[in-house]
Every structure is written in C-alpha cells, then in structure tokens.
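Coordinate inspection notes
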Number of protein chains: 2
Amino acid sequence: MLIGELGDRVGVSTKTIRYYEGIGLLPQPRRSDNGYRAYGPEDEARLAFVKTAQQLGLSLEDIGQVLALRGAGTAPCEHVRGMLREQIRGIGRQLAQLRAMREELQTLEAAIDQIPAGEATVCRVIEHTRGPRQDLASAGSAVSSRRSG
Amino acid sequence: MLIGELGDRVGVSTKTIRYYEGIGLLPQPRRSDNGYRAYGPEDEARLAFVKTAQQLGLSLEDIGQVLALRGAGTAPCEHVRGMLREQIRGIGRQLAQLRAMREELQTLEAAIDQIPAGEATVCRVIEHTRGPRQDLASAGSAVSSRRSG
DNA sequence: CTAGGGGTTCCCCTCGCGGGAAGGTCAACC
DNA sequence: GGTTGACCTTCCCGCGAGGGGAACCCCTAG
C-alpha cells in the first residue's frame, strides 16, 4: 500500500503521515525498490488508532506515550482512562473560562452606547474596558483561532 | 522611558513589545544615543490599548486593523462592535463543541468497563471508539494545549 | 576593576500540520 | 518513442504569539 492509499483509507493527508513518521509516532515503513513507502494493514490500524485518539482530544505526545506503553508490554488502558479524565477536567476548565469571557463581552456589548466618547484616543469601547481578569485572555485566543479554520 | 519600564507599567514583557514593533502593531520608537528604544506616554497608551483589546479576545491582526482605521481618521467603534459580536458568536460555537466533546468523553469513560478486551491490539478504550464527529477534533486541541500552558 | 542590571540583535522552539519547490517514477495514451 | 498526468521523494517556510537563550554593548555602584 502506498502512502496516498493509506491516507485515503484512514482519512488523513500524506503530509500528516510523513509528519507522524518524523516525530516517531509511526515506525519507518519498508521501502519499495523505487524508494516509495510501503505500508501494510498493521500500519493502517496504528494510524487509525492515532486518529481516533486525537479525535478524543489527546495530543500527539499523549498518544505517543500510550503507544510506547503498549510497545513495552503494558496495557495502557488505565493510563488512557486517566488521560480521558484529565481531558474532561480540562474541558470543564475551558468551559468555565469561555462562559466568563462571553458574559464579559455581552455585558460590554450591551453597555457600548452608554460609554461616553470622552477622552478616548482610539476607541471608547476598548479604552473604557480596563481588561478582564488575566485568565480570560487565554480563553480568547482559542476562539479567534477558530475563525480562520 | 526604556522598554523595560514600559513593559512593567503595562504588564507585558520586553519580548512582546519588540514583537509588536516587528509586526507593525507599535511604531518604531525614537532611539537614544546608545541605541536604546525611548518611549513616551502615548506609547504606553497604545500598548495598553493593544493589551486590553487582546484580553477581549481580539487577535493581533484584528487589533492592527482597528488601529489602522483610527490612523486613517475613521472612528473604529462600530467596527469593534462587529468584532465583539463575532467574538461572542465564536465563543458560542466553541462552547457547543466543547460541551459535545465532554459528553462524548463522559459517555466513553462511563462505559469503559463494559468494553470487551476482545480484539484490541493497543487499547480497547480507544479502539472501541470509532471517532466522534470530525468537528469535535478541533475542539479537543484547544483543551490539551491548556494543559501545558 | 569588576559585578550587576539594563539594553541590542539574532536565531531556534512551540503544535500539527499545509503549501509549494525541485525532482524521480510509473502507467497510459498518441 | 515521446508526452502527459498522477503519483512519489526530500526540503524548507509559514502559521499565532511570543519564550528562551546566545553573544554582545552600556551604564552605574562599590
């Protein structure tokens, strides 16, 4: 199986496959005489595993750890369960941040017309705001990144 | 005012200030005889503006547009209002994604013990899952990035 | 004279790839 | 046999928003 076919079957790009190989997430495959990567069904399974784990929110580093555990003969299920729990906690934290952020923004938007133009040098909307708590700033970055995707 | 003092007053690092200058968000400041950047109060105001806008979730590119509008003589408040509304919508989308993601994970976690070890080659927890809907994958990445920060 | 705390430029690192260049390979068609 | 087009290869650059650190300059206090 060539890299393109593998990618099509699993639903990832050839770029992604080469990248995974580069960071050690996938083993270096056998090469055909012409230098092309040659994959078998076990590579498809592993790549599908990576993709699914990623869709569960695990980072590639996390996934690498799981695969390494398994490679060392340890059943990684308990480890994975811990990761998922941490993942759920992380989502909870992020939800709280985003809710607070949204409330802040909604309050600001509702109050825009009441803000006096006054001494603003650029924009009264922003200059009237003296910054929400710092931990909200990190929530915001994830949002605007969503816009370009 | 030297760069360090400006950073301290506004609460950003000197790295950040130089970075903003590099991408054109802050103007190139006057230089003292020794080559040091020399800032005035107007620079402090502009930097504080950038910081506040960023805490509201605007990207540096967005902020640059606002500053450019203002530089062109246009009052950017309406523009900013639109950005804030879009920001609020974006947060709503992200909240929905995260909630769905969390539910998916919670369901999975609750059902782990019912998953038969069966034919799993790495981890039954992940291999039993056949991937949540694709749009959830993007929600996950924001979560795990929160962990290392 | 030396220590220390400023400042300066420069380049590499993040995370998960995507885009594209420059080139080799293969099957199909004229 | 030549040519097209779809594959494949390696390589480097880019994203957002800076952080870390090297190598070096400047200034002051002891």
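Residues numbered from 1 in each chain as written. Chains lettered and ligands numbered in written order. Predicted model: local features only at pLDDT ≥ 70, side-chain atom pairs only at ≥ 80, totals over all residues. Heavy atoms only, no water.

Considerations on the relation of the copies chain B and chain A
With an axial shift of 0.0 Å and an RMSD of 0.0 Å, the rotation relating chain B to chain A amounts to 180°. Taken together, these values place the two copies in the relation of a two-fold axis. Both copies share a contact surface, since 97% of the interface residues of chain B are interface residues in chain A too. (Least-squares fit on C-alpha atoms with pLDDT ≥ 70 in both. Contact = heavy atoms within 4.5 Å.)

A look at helix α1 (residues 3-10) of chain A
Residue and element names in this part refer to chain A. Looking at α1, one finds that the buried residues are Ile3, Leu6, Gly7 and Val10. All buried residues of α1 fall inside an arc of 100° around its axis, so they share one side. Summarising the geometry of α1, the exposed residues directed more than 90 degrees from the buried face are Asp8 and Arg9. Count one or two residues on from α1 and you reach Gly11, which has phi positive near 90°. (Buried < 20%, exposed > 50% of the residue type's maximum accessible area, 1.4 Å probe, protein only. Helix = DSSP H or I, 4+ residues; strand = E, 2+ residues; numbered from the N terminus. Arc of directions from axis to C-beta.)

Let's talk about the protein's contact with DNA strand C
Surveying the vicinity of DNA strand C reveals 19 residues, the closest of which are Ser13, Lys15 and Gln54 of chain A together with Gly4 and Arg18 of chain B. Contact between DNA strand C and Thr16 of chain A: a phosphate oxygen at 3.3 Å from a side-chain N or O atom of the residue. Between a base nitrogen of DNA strand C and a side-chain N or O atom of Tyr36 of chain B, the distance comes to 2.6 Å. Only α2 (14-22) of chain A together with α1 (3-10) and α2 (14-22) of chain B provide two or more residues apiece to the surface near DNA strand C. Per-class residue counts for the surface near DNA strand C are seven nonpolar, seven polar and five charged. (Near = heavy atom within 4 Å. Polar contact = N/O pair within 3.5 Å; in protein donor to acceptor, adjacent residues only side chain to side chain. Nonpolar A, V, L, I, M, F, W, Y, C, P; charged D, E, K, R; others polar.)

Side note on the packing of aromatic side chains
Between two aromatic rings, the relevant description is the distance of the centres plus the angle of the planes. Residue and element names in this part refer to chain A. Within the structure shown, the criterion is met by two aromatic pairs over all chains. With a centroid separation of 6.2 Å and 50° between ring planes, the pair formed by Tyr19 and Tyr20 is classed as tilted. Exposure remark for Tyr19: the relative accessible area of 48% places this residue in the partly exposed category. (Phe/Tyr/Trp six-rings, centres within 6.5 Å; stacked < 30°, edge-to-face > 60°.)

Here's the deal with the environment of Leu60 of chain B
Looking at the element boundaries, Leu60 of chain B is found in helix α4 (residues 60-71). For the pair Leu60 of chain B and Val50 of chain B, spaced 10 residues apart in the sequence, the C-alpha separation amounts to 7.8 Å.

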